[in-house]
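Okay, here's what each chain looks like letter by letter:
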Amino acid sequence: MLLAGAASLSVQAFERPFPANAVRGKMTPAYFPEVLIDGKVRQLAPSARIFNQDNLIELPAAIRGSDLVVNYTVDSWGNIDRIWILTAEEAAQKPAASSR
């Protein structure tokens, strides 16, 4: 029980390091392998990873909601390869990289 409490505390106190090339946007799930980001249909890369607010990998079919504030990166083909669904605290912070 003590170990479970320590694990949840460390997840809450963990600050996620986003890459310098991460871009901020609002995402709405669409039919796989597509997502809507800032109202535009975007393609997920074959190796795309989506991280939820607890920094755990989330399957695209399990994501619910619209206009989720996210940071994301784009691969050399223009496909989205990583998405982080932001917490309210992370969304309130200014993005490190400029939006595209």
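Please refer to the structure placed before this passage.
Residues numbered from 1 in each chain as written. Predicted model: local features only at pLDDT ≥ 70, side-chain atom pairs only at ≥ 80, totals over all residues. Heavy atoms only, no water.

K.L.:
Explain the pairing of strand E4 (residues 68-74) here, please?
P.N.:
Looking down a regular strand, the side chains alternate between one sheet face and the other. Counting buried positions over the seven residues of E4 gives six, a clear majority of the element. Pairing between strand E1 (residues 23-29) and E4: five bridges, direction antiparallel. Bridging from a neighbouring strand, Met27 pairs with Leu68 of E4. Looking at chain direction, E4 and strand E5 (residues 80-85) are connected through five bridges and run antiparallel. By the bridge assignment for E5, Thr73 is matched with Arg82. Linking E4 back to E5 in an antiparallel pair, the connection comprises five residues, with Gly78 at a positive phi of about 90°. (Buried < 20%, exposed > 50% of the residue type's maximum accessible area, 1.4 Å probe, protein only. Helix = DSSP H or I, 4+ residues; strand = E, 2+ residues; numbered from the N terminus. Pairing = 2+ DSSP bridges.)

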